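For reference, the chains in residue letters:
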Amino acid sequence: LGLALSSHENGEACLNHANEIALKISKAAPVAVRTTVKSLRSMQEVERGGLDRALMREADAQAQCYNTQDLIEGIRALEEKRPP
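Within each chain, residues carry numbers counting from 1 in the order of the written sequence. With the structure being a predicted model, the display of local features is reserved for residues of pLDDT at least 70 and the display and counting of side-chain atom pairs for 80 or more, all residues being used for whole-chain, interface and lining totals. Each side-chain value is worked out from all heavy atoms of the structure, with water and hydrogens disregarded.

(A) Spotlight on the overall build of the chain. Check the secondary structure of the chain and you find 4 helices and 0 strands. Residues counted as buried form 17% of the 84 residues belonging to the chain. In what follows, residue pairs with any heavy atoms lying within 4.5 Å of each other are defined as contacts. Long-range contacts, defined as pairs at least 24 residues apart, comprise 30% of the intrachain contacts of the chain with a sequence gap of at least 6. Only DSSP runs of H or I reaching four residues or more are called helices, and only runs of E reaching two or more are called strands; each is numbered from the N terminus. Three labels apply to residues, based on accessible area from a 1.4 Å probe with only protein chains included: buried if under 20% of the type maximum, exposed if over 50%, partly exposed otherwise in between.

(B) View of the confidence of the model for the chain. The predictor attaches a confidence to each residue, and that confidence, scored 0 to 100, is pLDDT. Per-residue pLDDT for the chain averages 81, and the proportion of residues at 70 or more is 87%. For the chain, per-element mean pLDDT is lowest for helix α2 (residues 30-47), which scores 77, and highest for helix α4 (residues 69-79), which scores 89.

(C) Main features of the pattern of salt bridges. Here a salt bridge means any side-chain nitrogen of Lys or Arg lying within 4 Å of a carboxyl oxygen belonging to Asp or Glu. In the structure shown here, the tally under the stated rule is 3 salt bridges. R82 serves as the salt-bridge partner of E80, at 2.6 Å between the closest nitrogen and oxygen. Salt bridges sharing common partners tie together E73, E80 and R82.

(D) Summary view of the side chain of T35. Mapped onto the secondary structure, T35 falls in helix α2. If we skip the residues at most four places from it in the chain, T35 touches R57, A61, Q64 and C65.

(E) Broad picture of the side chain of T68. In this fold, T68 is placed in the loop between α3 (51-66) and α4. N or O atoms within 3.5 Å of each other form a polar contact, as long as, within protein, one can give a hydrogen and the other can take it, and as long as residues adjacent in sequence are counted only when both atoms are side-chain atoms. In terms of polar contacts, T68 uses its side chain to reach the backbone carbonyl oxygen of C65, at 2.9 Å.

(F) View of a nonpolar patch on the surface. Nonpolar side chains (Val, Leu, Ile, Met, Phe, Trp, Tyr) are joined into patches within 5 Å and like charges within 9 Å, using only residues with over 30% relative accessible area and no salt bridge. With residues, only the protein chains shown are counted as cover, and all accessible areas are computed by Shrake-Rupley using a 1.4 Å probe. Nonpolar side chains collect at one region of the surface, where Y66, L71 and I75 lie side by side and expose about 290 Å² of accessible area between them. With respect to the helices and strands, the residue Y66 is situated in helix α3. By relative accessible area, Y66 is classed as exposed at 55%.

(G) Spotlight on α3. An ideal rise of 1.5 Å per residue puts 22 Å on 16 residues; α3 measures up with 23 Å between its terminal C-alpha atoms. Taken residue by residue, α3 has A54, R57, A61 and C65 as its buried positions. Buried residues of α3, seen end-on, are gathered within an arc of 75° and therefore sit on one face of the element. When the buried face of α3 is taken as reference, the exposed residues oriented beyond 90 degrees from it are D52, L55, M56 and Y66. Multiplying 1.5 Å by the residue count of a helix minus one yields the expected span of that helix. Within this analysis, the arc is defined by the directions that extend from the helix axis to the C-beta atoms.

Right under this line is the structure:
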């Protein structure tokens, strides 16, 4: 996402960049965004040695995404070379 991969000269530039990222996220598939947030939050489990649990969480997130209209629309958009 680029959340921590850039620096800015001032607060206004930082806020503008944060708004650009937020706009990009808001255009993404809602189920994918929710499962990504949950996966990122579960990364703390990996840091505590819970890799197996984190991998299961990721597999569950993928399964949730496979069963949505978002996936179908994403595939169609990719085939038609257009934004979803």
